[in-house]
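A structural walkthrough
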Amino acid sequence: MPSQPLPDRAEPPTNPPTDPVILAEGLTKVFSSRARAGRLRRERVDFTAVDAIDLRVAPGELVGYIGPNGAGKSTTIKMLTGILTPSSGTLRVAGYDPQRDRVKLARRIGVVFGQRTTLWWDLPLRDSFTLLQRLYRIPPARFAENLAFYTEALDLGPFLDRPVRQLSLGQRMRGDITAALLHDPAVVYLDEPTIGLDVVSKHAVREFLRDLNLRTGTTILLTTHDVDDIERLCSRVVAIDHGRVTYDGSLEALRAERDLETVVRELYSRQGV
């Protein structure tokens, strides 16, 4: 890892702001569909994917957001980014209403999906970054400083000029992480960022994320199935099951109650409806 922090970004302030960067109160999302109720009749069926959750994340926190498939994690992230509109409840991210201020919020958040890429498949990695510079209107000097930092921190140099489709999974993931950070977001959502990576790549990504959080105070919300991701990165864990928060507290407190690996294994062995 580089010995110097990001250019012009100081260490996290001694007295950081107390207002949460993510604030959700009674956050609920209900999906409706039509189910056959006879030969000619259909009736409305409601499914509550997220059920009145409360969530406060302070600036600079690195929070693990865990739960089985179908528990409501992805639905929550989509509401936090403005992709989905909550059915009820209050939601603010970086001071914005994600649905009403989606364009403004986009400049304050970064998103990485382990199974999907935000990079242009047939373009060299460097060109994808240039397009993102224009999309986010990053000042040229700032863009050059950030790209130089992330190129060194994530060892992107050997494949910057290679088309994205030719990159390995680990290389593409490092590119996706860089793409999510070039515009200096206040909040980053990471959805399974180490899935499918080899041991060396996982270690490199974890070290980088931990260093980023410590050096710059970037708030990170991490969803993962990997116990090691939680152990090595998260100071706080929020568990969700069937749309409801089942645990919200420190990693240390969770460890004190039960073995973390057992808790996560049991949680992920239950498939949400």
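These numbers were taken from a predicted model, which means no experiment stands behind them.

When you go through the chain residue by residue, the secondary structure sums to nine helices and nine strands. Within the chain, buried positions represent 47% of all 273 residues. The long-range fraction of contacts in the chain, counting pairs at least 24 apart against all pairs at least 6 apart in sequence, stands at 70%.

This part is about the sheet that holds strand β2 (residues 42-57). Within the open sheet, the three strands sit side by side as β2-β1-β4. Their pairing is antiparallel. Looking at which strands have only one partner, the edges of the open sheet turn out to be β2 and β4 (88-93). The average angle at which neighbouring strand axes cross in this sheet is 30 degrees, direction not considered. With five bridges connecting them, strand β1 (residues 22-36) and β4 associate as antiparallel partners. Bridging from a neighbouring strand, Ala24 pairs with Leu91 of β4. Sheet contacts for helix α1 (residues 73-81): β1, β2 and β4; angle to β1, the most-contacted strand, approximately 115 degrees.

What follows concerns the side chain of Asp226. Assignment of secondary structure puts Asp226 in the loop between β7 (219-223) and α7 (227-233). At 3.0 Å, the side chain of Asp226 forms a polar contact with the side chain of Lys202. In this structure, Asp226 is in contact with Thr194, Lys202 and Arg206, ignoring residues within four places of it in sequence.

Attention now goes to the packing of aromatic side chains. Each aromatic ring pair is specified by the distance between its two centres and by the angle formed by the two planes. On inspection of all chains with the given rule, the structure shows two aromatic pairs. Both rings, one in Phe149 and one in Tyr150, keep their centres 5.4 Å apart while their planes meet at 80 degrees; by these two values the pair is edge-to-face. Given a relative accessible area of 9%, Phe149 falls into the buried group. The interplanar angle of 75 degrees and the centroid separation of 5.9 Å between the aromatic rings of Tyr150 and Phe208 together place this pair among those described as edge-to-face. Highlighted residues: Tyr150 in helix α4 (residues 140-153) and Phe208 in helix α6 (residues 199-216), separated in sequence by 58 residues. Connected via pairs of aromatic rings, a cluster forms that spans Phe149, Tyr150 and Phe208.

Rules behind the numbers
Residues numbered from 1 in each chain as written. Predicted model: local features only at pLDDT ≥ 70, side-chain atom pairs only at ≥ 80, totals over all residues. Heavy atoms only, no water. Helix = DSSP H or I, 4+ residues; strand = E, 2+ residues; numbered from the N terminus. Buried < 20%, exposed > 50% of the residue type's maximum accessible area, 1.4 Å probe, protein only. Contact = heavy atoms within 4.5 Å. Pairing = 2+ DSSP bridges. Axes fitted to C-alpha atoms, helices over the stretch in contact; angles between N-to-C directions. Polar contact = N/O pair within 3.5 Å; in protein donor to acceptor, adjacent residues only side chain to side chain. Phe/Tyr/Trp six-rings, centres within 6.5 Å; stacked < 30°, edge-to-face > 60°.

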